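Residue-level structural notes
This is what each chain is made of:
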Amino acid sequence: MFDRTFQRSACARRTTGVTLDHAAALYDWLAPVMTLGMETRLHRQVVAAMDLDRPMAVLDIGCGTGSLTRLIADAMPAGGGWTIGIDAAEKMIDVARRKAGSRSLQFEAALAEDLPYPPASFDRAVSTFFFHHLDVRLKTRAIAEIQRVLRPGGRAHILDVDIPTTRFGSFCAHAGYHLFRQPEIMENINGMLRLVIATSGFKDSWRIVSRHAGYLSLYELTVPSDKPEGVKS
Ligand SMILES: C[S@@+](CC[C@H](N)C(=O)[O-])C[C@H]1O[C@@H](n2cnc3c(N)ncnc32)[C@H](O)[C@@H]1O
């Protein structure tokens with residue numbers, strides 16, 4: 001197996017999140033397998049839920065090699081908007097930049113719990129398969145950061161492991177936990193992501209948009225349109 005602590009890049013060493021420098025070269029092969037072939041279909045469903053009907057500023061958090069980030073940039077109407085992907089693992093960002101080609105995409109090494117952007121910078125924030133890499137303390141900080149960087153009326157979409165609703169879903173979620181030995185996955189299985197969202201600044205403005213494979217939920221969090229710009233949760 002990989003030595004995850006030894007191979008962490010400088011940015012990744014600043015977080016206790018589970019970072020993936022060690023898997024960057026293989027990630028695009030592993031992700032479809034780990035998601036049972038659902039990766040691209042799920043990414044497309046997330047992009048559809050984001051309502052990118054006008055040029056917008058979009059932040060993809062924990063973007064990995066940028067597969068979702070590129071789909072977002074492609075879905076945006078021509079003539080404006082910008083899409084940034086951030087990840088703590090600098091090797092993931094290197095791969096994402098190489099794959100971006102000439103598209104108007106930006107990738108930066110940064111931490112979800114300490115986003116390097118001013119308040120009210122984005123119309124949309126998104127994360128897929130990311131929150132099960134953070135413990136409950138970091139989940140809480142990352143959600144607060146999302147609220148801070150979204151504009152009034154802005155929305156966040158989060159797709160991640162949640163409380164399983166089927167036997168198959170329970171099997172998949174627990175298999176992931178045992179395979180990666182990641183307590184953060186068990187937190188999600190036990191409903192901690194949901195609890196963090198429900199007790200955050202979004203507590204009156206979140207919903208589950210859809211459920212997938214019996215263990216994944218797509219959440220939508222909305223900043224009220226009348227929120228004064230940059231207000232912290
Ligand atoms: C499973 S990957 C998900 C990648 C991509 N979103 C996707 O849908 O395939 C989770 C990513 O979160 C990153 N990560 C972990 N902790 C982080 C943190 N505190 N801030 C930003 N990224 C982090 C990891 O390095 C990894 O690339």
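Preceding block: the structure.
Keep in mind that what you see is a predicted model, and the values were worked out from it rather than measured. (Residues numbered from 1 in each chain as written. Predicted model: local features only at pLDDT ≥ 70, side-chain atom pairs only at ≥ 80, totals over all residues. Heavy atoms only, no water.)

Some points on the side chain of Thr15
For the record, the criterion: Strands here mean DSSP runs of E at least two residues long; helices mean DSSP runs of H or I at least four residues long; both are numbered from the N terminus. Polar contacts, as used here, are pairs of N or O atoms within 3.5 Å; protein pairs need one atom able to donate a hydrogen and one able to accept it. Residues neighboring in sequence count only if both atoms are side-chain atoms. In what follows, residue pairs with any heavy atoms lying within 4.5 Å of each other are defined as contacts.
Within the secondary structure, Thr15 is located in the segment before helix H1 (27-34). There is a polar contact of 2.6 Å between the side chain of Thr15 and the side chain of Glu113. Beyond its immediate sequence surroundings of up to four residues, Thr15 is in contact with Arg8, Ala88, Leu111, Glu113 and Leu138.

Considering unusual backbone geometry
Here is the rule: Partly exposed describes any residue whose relative accessible area lies between the buried limit of under 20% and the exposed limit of over 50%, with all areas from a 1.4 Å probe on protein chains only and scaled to the type maximum.
Its identity as a non-glycine residue notwithstanding, Leu36 has a phi of 55°, on the positive side. If you check the backbone angles, Arg181 has positive phi at about 50° while not being a glycine. Here Arg181 is to be found in the loop between helix H6 (167-180) and helix H7 (183-189). A residue is classified by how much of its surface remains accessible, and Arg181, at 70% relative accessible area, is exposed.

A few points about the site of the ligand
How we decide: Here, proximity means that at least one heavy atom of the residue falls within 4 Å of the molecule or strand. As a working rule, the residues Ala, Val, Leu, Ile, Met, Phe, Trp, Tyr, Cys and Pro are called nonpolar, Asp, Glu, Lys and Arg charged, and the rest polar, with Gly in that last group.
Looking at the ligand, there are 24 residues lining it, with Tyr27, Gly62, Asp87, Glu113 and Thr128 nearest. A distance of 2.8 Å separates an oxygen atom of the ligand from a polar atom in the side chain of Tyr27. A distance of 2.7 Å separates an oxygen atom of the ligand from a polar side-chain atom of Asp87. Of the residues assigned to the shell around the ligand, the class counts are 13 nonpolar, eight polar and three charged.

By themselves these figures say nothing about function.
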